[in-house]
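One-letter residues, chain by chain:
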Amino acid sequence: MYQSILSAPGDLFAELDRLRREMQQSFGGLGMPSSIRAVTRGSFPAINIGSTPKSVEVYAFAPGIDPDKLDVNVDRGLLSISGERRSDLPEESGEVSIYARERFAGSFKRVISLPEDADPSRIEARYRDGVVHISVQRHEPAQPKRIEIR
Amino acid sequence: MSDRKESAKQEQQRAGMTIMPAVDVVEDRTGITLTADLPGVPKDRLTARVDGETLLIEGDIALETAEGMEAVHAEMQGMRFRRVFTLSRELDTSKSEAAFRNGVLRLRIPKAEHAQPRKIEVKVG
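These numbers were taken from a predicted model, which means no experiment stands behind them.

### Considering the nonpolar core
Part 1: Counting 26 residues, the largest nonpolar core has L34 and L38 of chain B as its most contacted members.
Part 2: When residues of this core are traced back to their parent elements, those giving at least two are strand 2 (55-61) of chain A together with strand 2 (23-28), strand 3 (31-37), strand 5 (54-60), strand 7 (80-86) and strand 9 (104-110) of chain B.
Part 3: Those residues in contact with L38 of chain B, other than ones at most four positions away along the chain, are D129 of chain A together with P21, L46, I57, F81, F100, G103 and L105 of chain B.
Part 4: Counting 20 residues, the second largest nonpolar core, distinct from the first, contains I65, I112 and Y127 of chain A together with V72 of chain B.

This is the structure:
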């Protein structure tokens, strides 16, 4: 019972738990998690993260969303993606039968902890083919600098 | 060098994995509507094909990647969606309509005219 309560979307504890897992998985240096399932059940949108020496690339697989209803925020090193996907299923009745109802509906929020060198002032987000692509630039690495003595 | 080979191999393995897209399927009086989530699939990489009584939905994910990018976290493992459905004879696939927008495919397959519900008059006498 507790499990289902805690994993309810939008639940604070579920968010905290998710956040903790994200922190462990994303940048904990554990490498790629090898899940037997292609998509973790219950988490919408699915998120992939890529890293380059200059940036962090986040991909949130969130199809069928009005870009106006999509929120991307950065606060103290945490990147959050939230929004809502409305169900367009009709009511089931004598004349309407629903055979499959697998697609996510409702409001969602996912939080990712950014690495320390992420620059919150240089973030770009685009929505294309149902994927939110967020590109976070890293700060320039501190270059050794020679100070001249006059 | 060996690292690079290893990652290329991993990438190949991942590309070979297929993901089953989530769908909604609704039937009403006049036909069936199928809605499928295919995020990351551009229009030209999507296939929705009816072959006999089989409906195939297939799409390749194409993401904009940055130079020298390494995956550090992946919930979407695999670069291809694929799902096959068996249709029934009363559906008229020649009149099906498809729309694909923001990674969501909507497919409407009407029932053949003769299969649509009608009231049968009961004659007395």
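Next, the rest of the story.
### A few points about the side chain of R83 of chain B
Part 1: Its place among the elements puts R83 of chain B in strand 7.
Part 2: Within polar-contact distance, the side chain of R83 of chain B engages the side chain of E102 of chain A at 2.8 Å.
Part 3: A polar side-chain atom of R83 of chain B sits 2.8 Å from the main-chain carbonyl oxygen of P21 of chain B.

### Overview of the sheet that holds strand 5 of chain B
All names here are of chain B.
Part 1: Strand order in the open sheet formed by four strands is 1-7-5-4, with mixed pairing between adjacent strands. The open sheet has two edge strands, strand 1 (18-19) and strand 4 (46-51), and neither has a second partner.
Part 2: Across six bridges, strand 4 lies against strand 5 in antiparallel orientation. Bridge pairing in strand 5 places A48 opposite I57.

### Examining the sheet that holds strand 3 of chain B
Part 1: Spatial ordering of the open sheet is given by 5(A)-2(B)-3(B)-9(B)-8(B), a layout of five strands whose pairing is antiparallel. Pairing within the sheet leaves two strands with one partner each, and these edge strands are strand 5 (97-101) of chain A together with strand 8 (97-101) of chain B. Going across the sheet, the axis of each strand differs from the next one's by a mean of 10°, ignoring polarity.
Part 2: For strand 3 of chain B and strand 9 of chain B, the ladder comprises seven bridges, and the chain directions are antiparallel. Its bridge partner being in strand 9 of chain B, A36 of chain B is matched across the sheet by L105 of chain B.

### With respect to the interface of chain A and chain B
Part 1: Contacts between the two partners involve 51 residues from chain A and, on the opposite side, 40 residues from chain B.
Part 2: The shortest N-O distance in the salt bridge between D37 of chain B and R103 of chain A comes to 2.8 Å.
Part 3: At the boundary of chain A with chain B, the tally comes to 23 residue pairs in polar contact (both at pLDDT 80 or more).
Part 4: Elements that contribute at least two residues to the side of chain A that touches chain B include exactly helix 2 (12-27), strand 1 (46-51), strand 2, strand 5, strand 7 (118-128) and strand 8 (131-138) of chain A.
Part 5: The dominant element in the side of chain A that touches chain B, judged by the number of residues it contributes, is strand 1 of chain A, at six residues.
Part 6: Of the residues that constitute the side of chain A that touches chain B, the class distribution is 23 nonpolar, 16 polar and twelve charged.
Part 7: Sheet topology places strand 5 of chain A next to strand 2 of chain B; four bridges connect them, and they run antiparallel. The partner of A100 of chain A across the bridge, within strand 2 of chain B, is V25 of chain B.

Rules behind the numbers
Residues numbered from 1 in each chain as written. Chains lettered and ligands numbered in written order. Predicted model: local features only at pLDDT ≥ 70, side-chain atom pairs only at ≥ 80, totals over all residues. Heavy atoms only, no water. Core = buried A, V, L, I, M, F, W, Y, C linked by side-chain atoms within 4.5 Å. Buried < 20%, exposed > 50% of the residue type's maximum accessible area, 1.4 Å probe, protein only. Helix = DSSP H or I, 4+ residues; strand = E, 2+ residues; numbered from the N terminus. Contact = heavy atoms within 4.5 Å. Polar contact = N/O pair within 3.5 Å; in protein donor to acceptor, adjacent residues only side chain to side chain. Pairing = 2+ DSSP bridges. Axes fitted to C-alpha atoms, helices over the stretch in contact; angles between N-to-C directions. Salt bridge = Lys/Arg side-chain N within 4 Å of Asp/Glu carboxyl O. Nonpolar A, V, L, I, M, F, W, Y, C, P; charged D, E, K, R; others polar.

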